[in-house]
Amino acid sequence: MSYEALRHFADSWGLLFLGMVFLTMIGWTFRPGSGRKHHEAAHMIFEEDHDDG
């Protein structure tokens, strides 16, 4: 496979693949029911430690 063929493949299919990965990650973040987990993660640092040791 030559450099030109590899570059053409990366310019077309690589861009499409990375675009689909990006949209999947955005969709996963805003899926229904994930708001509670985001709220818990955002407020986790404000919880007191309950370490008995």
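Note that the coordinates shown come from a computational prediction; the quantities given were computed from them, not determined experimentally. (Residues numbered from 1 in each chain as written. Predicted model: local features only at pLDDT ≥ 70, side-chain atom pairs only at ≥ 80, totals over all residues. Heavy atoms only, no water.)

1. Quick word on helix H1 (residues 3–29)
The criterion, for reference: Comment: elements are numbered from the N terminus, with helices defined as DSSP H or I runs of at least four residues and strands as E runs of at least two. The span you would expect from a helix comes to 1.5 Å times its residue count less one. Bend is the name given here to the angle between axes fitted to two runs of seven residues, the run ending at a residue and the run starting at it.
With 27 residues, H1 ought to run about 39 Å at 1.5 Å a step, and its terminal C-alpha atoms sit 37 Å apart, in line with that. When the local axis directions of H1 are compared, the greatest deviation, roughly 35 degrees, occurs at Ala 10.

2. Some details on the packing of aromatic side chains
Quick reminder of the rule: Between 30 and 60 degrees the pair is tilted, below 30 it is stacked and above 60 it is edge-to-face, where a pair is any two Phe, Tyr or Trp rings, Trp via its six-membered ring, whose centres lie within 6.5 Å. By definition, being over a ring means that NZ of Lys or CZ of Arg is both within 6 Å of the ring centre and within 35 degrees of the ring normal.
The tally for this structure, following the rule as stated, stands at 0 aromatic pairs. Seen from the ring of Trp 28, Arg 31 lies directly overhead, with NZ or CZ sitting 4.2 Å from the centre.

3. Regarding the pattern of salt bridges
Test applied: Salt bridge, as used here: a side-chain nitrogen of Lys or Arg that lies within 4 Å of a carboxyl oxygen of Asp or Glu. Between buried and exposed lies partly exposed: a residue is buried under 20% and exposed over 50% of the maximum accessible area for its type, with that area taken using a 1.4 Å probe on protein chains only.
Counting across every chain of the model gives 2 salt bridges. Asp 11 is the partner of Arg 7 in a salt bridge, and the nearest nitrogen-oxygen pair spans 3.9 Å. One end of the pair is Arg 7 and the other is Asp 11, both in helix H1 and 4 residues apart, which spans about a single turn. Residues Glu 40 and Arg 36 are paired through a salt bridge, measuring 3.0 Å at the closest nitrogen-oxygen approach. Taken together, the residues Glu 40 and Arg 36, both in helix H2 (residues 35–43) and 4 residues apart, mark about one turn of the helix. For Arg 36, a relative accessible area of 54% puts it in the exposed group.

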